[in-house]
Amino acid sequence: MRLHGVKMKTNPPFELVVREHGPAVLRMCTALLRPGPDAQDAWSETFLAALRAYPGLEPGANVQAWLITIARRKAIDSLRARHPVPVDSLPEQAAPIDGFGPDGLFENAGLWDALGTLTELQRKVIGYHYLLGFPYAEIPGFLGGSAASLRRAAADGIKSLRKLLDVSEES
Amino acid sequence: MSELAMHEIDRLKENLAERAAAEGLIDVSYRLVDSPVGQLMLAATGRGIVRVAFAAEDFDAVLDSLAEKVGVRVLHRAAPLDAAAMQLDEYFAHARTGFELNLDHRLSSGYRLEVQLALPRIEYGHTASYKAMAAVTGRPAAVRAVGTACATNPLPILVPCHRVLRSDGSLGGYLGGLDAKRALLSLEQDPFGN
C-alpha cells in the first residue's frame, strides 16, 4: 500500500493505477450513466485520457482525485452526447455536502450500493448535481421534469441515503 | 467485487491495452508465464525484450523499477511477448538451444553490458568461469565485476548468465536462486529430456 504524501521519484506503473482504481471508476460511471456500454465507454475514455497525460502528472500526486476529475468530464461528455442541451460551460467542482463529498463518495463502496437502492431518477439527480456539479436548473435538459421536482427527488434520495448509511441530519 | 464485475474489469483492461498500443501510448508491456523454474515475468519495449524476472524478485517491485527506468506507462499486454513465451516453452521442452528475439539492453551500461553481450558466446550445454569471462572481455583482473554483471543481468535465461560458474566448478550466485541455476544447467546437460 502506498502512502499519500510520501515523496516519490516517479509515479507508480500505470497498470497499478488501473488495478487500484479501475473498479471504483466503473462504479462511478455506472451510477451516473446507463449500466452497460455507456458506462464502459466512459471508463475506457477516462483511463485512455489518463494514460495520455500520466507521464506529465507530478510524482506523488493524488491519483484518485485526478481520475475522478477526468471521469467526471467523460461522464459529462457522454451525457451531452445523448442529450444535446445548451449549457454554458463545464460545471466547476462538484458541490460537496457533509459526508457526501466526491472523495467520500468515491471511497465508500457502501454508498455506491446504497445509491443502487434509490429510484433511477433520485440516483441520477444526485449524481448529476453532487458529483458532476450541474445546477438543478440544467438537469431537466437531461432528465426532463422541472428543476423544482428534481430538487425534491434529490432531497428524498439524500434522506434515504442518510438513513441507510446512518449519517446524522445534523452533520 | 462480484465475479461478474471482475470479469467486466478484466475485459475493459484488455481493450484499454489494445487501444493504448494502437496509439503508441505504452512504454512497457508485460506478461507472466509459467516455467519449470517458477513463474516468470517478461517485459518488452518497442525495441524488444527488456526484462525477464523471477518470482523471487517480487514482480510488483520489478514493475516499479521499470516505471522509474523506462517509463510510467506500463501495462499488462501479452501480444508483444508471445514469441518470447513460445521460445521459452520450447527451450524448457528441450526443443530449442538458442533464442531469436530482439533484446533491449537499455537497463545495462558500461562493463556490465559488455559482459552481458559476451555471455551468449558460451554455448548451450557449456559453462565458463567468471575468470574466463573476465579474460574474454579483455579485463582479466575484473573477476568480481563479471560476477556483478551476471548478478544484475536484466535478461536471465535469454542472456545465459546461468552458464557462468566459479573456477572450482561451484555454482556462484544467481538472481533466480541457486535451485533455478541448477535446474537450467541440468536441463542443458540433458538435451533430449531423458
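The structure under discussion appears in the preceding block.
Residues numbered from 1 in each chain as written. Chains lettered and ligands numbered in written order. Predicted model: local features only at pLDDT ≥ 70, side-chain atom pairs only at ≥ 80, totals over all residues. Heavy atoms only, no water.

Comments concerning unusual backbone geometry
All names here are of chain B.
- Of note, the phi angle at Asp58 is positive, near 75°, even though the residue is not glycine.
- Counting through the fold element by element, Asp58 comes out in the loop between strand S3 (49–54) and helix H2 (59–69).
- Notably, Ile157 is not glycine yet its phi reads approximately 70°, a positive angle.
- Relative to the helices and strands, Ile157 resides in the loop between helix H6 (143–151) and strand S6 (164–165). (Helix = DSSP H or I, 4+ residues; strand = E, 2+ residues; numbered from the N terminus.)

Overview of the side chain of A:Glu15
- If you trace the backbone, A:Glu15 turns up in helix H1 (residues 14–32).
- On the basis of relative accessibility, which here comes to 3%, the residue A:Glu15 falls in the buried class.
- Of note is the side chain of A:Glu15, whose polar atom sits 2.9 Å from the side chain of B:Lys13.
- Not counting residues within four places of it along the chain, the set of residues in contact with A:Glu15 comprises B:Lys13, B:Tyr30, B:Val74, B:Leu75 and B:His76. (Buried < 20%, exposed > 50% of the residue type's maximum accessible area, 1.4 Å probe, protein only. Polar contact = N/O pair within 3.5 Å; in protein donor to acceptor, adjacent residues only side chain to side chain. Contact = heavy atoms within 4.5 Å.)

A few points about the sheet that holds strand S2 (residues 40–44) of chain B
Residues and elements named next belong to chain B.
- In space, the four strands of this open sheet follow the order S3-S2-S1-S4, with mixed pairing throughout. Strand pairing shows two members of the sheet lacking a second neighbour, S3 and strand S4 (74–76), which therefore form its edges. Across the sheet, the mean angle from the axis of one strand to that of its neighbour is 25°, orientation sign disregarded.
- As paired strands, strand S1 (residues 28–33) and S4 are joined by three bridges and run parallel to one another. For Tyr30, the partnering residue across the bridge sits in S4 and is His76. (Pairing = 2+ DSSP bridges. Axes fitted to C-alpha atoms, helices over the stretch in contact; angles between N-to-C directions.)

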